[in-house]
2 protein chains.
Amino acid sequence: MPNNLYEKAKELISHTGDRTTHHRIRTLATLLAEQHALTHREIEERLNVKGQLDRVTLYRVLEWMSKKNLIHKIAGDDRVWRFRVNTELHSHQHAHFICTRCTKVTCLNDFRIKPDPSLPLGYLFHEIELTVKGLCAECA
Amino acid sequence: MPNNLYEKAKELISHTGDRTTHHRIRTLATLLAEQHALTHREIEERLNVKGQLDRVTLYRVLEWMSKKNLIHKIAGDDRVWRFRVNTELHSHQHAHFICTRCTKVTCLNDFRIKPDPSLPLGYLFHEIELTVKGLCAECA
DNA sequence: AATTAGATGCAACTAAGTTGCGTATTTTTT
DNA sequence: AAAAAATACGCAACTTAGTTGCATCTAATT
């Protein structure tokens, strides 16, 4: 993982106003380096190659980053959360693709979603999540 | 639960060609009676008012019914599966609404989804799932 | 350098969902 | 109608993602 990602992560975290800890920076840098969404376990594996980090701490770091809108999480078919960094492109309303064989998650950026769905009377819209299921190029 | 639901469930199950057991019929009848998706636990509670049914058996019944396309399952934000019967209206491509406060799931039937999404090269489309999050009428 | 609010690590816990296996029930065959 | 084959059921034990409580440590503030 290149050093500039570490610096970028550091800057993004300091902008939140909260503490810029080593764990937060390393975790965000890891997600910045990835092209697809990672599970808690995958992040843990990448981080623990060098230097330790407690499972629980990672859960809390990820939770904090979600709350701060640095990342977003995706519910997969295997009831495991996957996390992806929020860039301008990846934030908010876009679609996810889940491969039903290898369970890898990719973001489909050039996928337009109707922003304002019509809901039953009294319902309040908050966000929309579109998941496409199928086989990825490797598994097809 | 009215008797005709039991009969309807029985007929649907016999059409699969597999065994029409009491548990399968009761489970499907329970889902037929509901207007929204139920969790495994909610189904269990309804079924165990009278007569017992093992947790594991229910999991297997639900899995079997999914495979037979009698029902479909929905991934919620609380990593709990929810199950909904497939009628002509409810099958395949439609949207779900999840209330982020009470976590109840409703099907949005008058919600059109573009049937054929454009995917990256080599990817194979299987199904599309659209989830709208927000507050339901009771929680708003 | 001392303070303090918040982050971390550890151990124990919760809960959804799964697996293995012996027993019971359907369905088929005779 | 009884026996045989195939499948479903129930129980116990297990797996694993995610959570909670609490003592300790550390980044920002004074």
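Above: the structure in question.
Here the structure is a predicted model, which means the values were calculated and not measured.

Draft legend 1. Looking closely at the protein's contact with DNA strand C. Neighbouring DNA strand C are 21 residues, the closest being Arg19(A), Arg24(A), Thr57(A), Arg60(A) and Trp81(B). When the atoms of DNA strand C within 4 Å of the protein are grouped by moiety, sugar and phosphate amount to 58% of the total. The contact in question runs from a base nitrogen of DNA strand C to an N or O atom on the side chain of Arg19(A), over 2.5 Å. Here a base oxygen of DNA strand C sits 3.1 Å away from a polar atom, N or O, in the side chain of Arg60(B). Taken together, the elements giving at least two residues each to the surface near DNA strand C come down to α2 (22-32) and α4 (55-67) of chain A together with α3 (40-47) and α4 (55-67) of chain B.

Draft legend 2. Molecular detail of the environment of His96(A). All names here are of chain A. Mapped onto the elements of the fold, His 96 is located in strand β4 (residues 95-99). Residue His 96 is classed as buried on the basis of its relative accessible area, which comes to 3%. Distance from His 96 to Asn 109, taken between C-alpha atoms, is 8.4 Å for residues 13 residues apart in sequence. Those residues in contact with His 96 that sit more than four places away from it in its chain are His 72, Ile 74, Val 105, Thr 106, Cys 107, Leu 108, Glu 129, Leu 130, Thr 131 and Val 132.

Draft legend 3. Helix α3 (residues 40-47) of chain A, seen in detail. All names here are of chain A. Of the residues making up α3, those classed as buried are His 40, Ile 43, Glu 44 and Leu 47. Here the buried residues of α3 occupy an arc of 100° about the axis, which is enough to place them on one side. Exposed side of α3, more than 90 degrees from the buried face: Arg 41 and Glu 45 are the residues found there. Looking at the buried residues of α3, the elements they touch are α2, β1 (38-39), α4 and β3 (81-85).

Draft legend 4. Inspection of the protein's contact with DNA strand D at higher detail. Looking at DNA strand D, there are 21 residues lining it, with Tyr59(A), Trp81(A), Arg19(B), Arg24(B) and Arg60(B) nearest. Protein-proximal atoms of DNA strand D, defined as those within 4 Å of the protein, fall in sugar or phosphate at a share of 59%. Residue Thr21(B) places a side-chain N or O atom 3.0 Å away from a phosphate oxygen belonging to DNA strand D. In the environment of DNA strand D, a phosphate oxygen lies 2.5 Å from a nitrogen or oxygen atom belonging to the side chain of Arg24(B). Taken together, the elements giving at least two residues each to the surface near DNA strand D come down to α3 and α4 of chain A together with α2 (22-32) and α4 of chain B. Residues that form the surface near DNA strand D fall into these classes: 7 nonpolar, 5 polar and 9 charged.

Draft legend 5. A look at the relation of the copies chain A and chain B. For the pair chain A and chain B, the relating rotation is 179°, the translation along its axis is 0.0 Å, and the fit reaches an RMSD of 0.1 Å. Put plainly, the chains are arranged around a two-fold axis. Closest approach to the rotation axis within chain A is made by the C-alpha atom of Leu130(A), at a distance of 2.2 Å. Same-surface contact between copies: 100% of interface residues of chain A are shared with the interface of chain B.

Draft legend 6. Summary view of the side chain of Arg82(A). Residues and elements named next belong to chain A. When you line up the elements, Arg 82 lands in strand β3. Looking at Arg 82, the relative accessible area reads 5%, which means it is buried. In this structure Arg 82 touches Ala 37, Leu 38, Thr 39, His 72, Lys 73, Ile 74, Gly 76, Thr 103 and Val 105, once residues within four positions along its chain are discounted.

Draft legend 7. Structural view of unusual backbone geometry. Residues and elements named next belong to chain A. A positive phi is found at Thr 103, a non-glycine position, where the angle reads about 60°. Relative to the assigned elements, Thr 103 resides in the loop between β4 and β5 (105-108). By relative accessible area, Thr 103 is classed as partly exposed at 30%.

Basis of the calculations
For every chain, the first residue of the written sequence is number 1, and numbering continues from 1 along that sequence. The lettering of chains begins at A and the numbering of ligands begins at 1, in the order of writing. For a predicted model such as this one, the threshold for reporting local features is a pLDDT of at least 70, and the threshold for listing and counting side-chain atom pairs is 80 or more; totals across whole chains, interfaces and linings nevertheless cover every residue. Side-chain calculation: all heavy atoms of the structure are included, whereas hydrogens and water are not. It suffices for a single heavy atom of a residue to lie within 4 Å of a molecule or strand for the residue to be listed as near it. We define a polar contact as two N or O atoms separated by no more than 3.5 Å, with the added condition that, inside protein, one atom must be a possible hydrogen donor and the other a possible acceptor, whereas residues neighbouring each other in sequence contribute only through side-chain atom pairs. Helical segments are the DSSP runs of H or I of at least four residues, strand segments are the runs of E of at least two, and each set is numbered from the N terminus. Buried, partly exposed and exposed residues are distinguished by accessible area as a fraction of the type maximum, computed with a 1.4 Å probe on protein chains only: under 20%, between the cut-offs, and over 50%, respectively. Contact criterion: two residues are considered in contact whenever any of their non-hydrogen atoms come within 4.5 Å of each other. The arc in question is formed by the directions pointing from the helix axis toward the C-beta atoms. Classes in brief: Ala, Val, Leu, Ile, Met, Phe, Trp, Tyr, Cys and Pro nonpolar; Asp, Glu, Lys and Arg charged; the others, Gly included, polar. When the copies are superposed, the least-squares fit takes in the C-alpha atoms of residues with a pLDDT of at least 70 in both.

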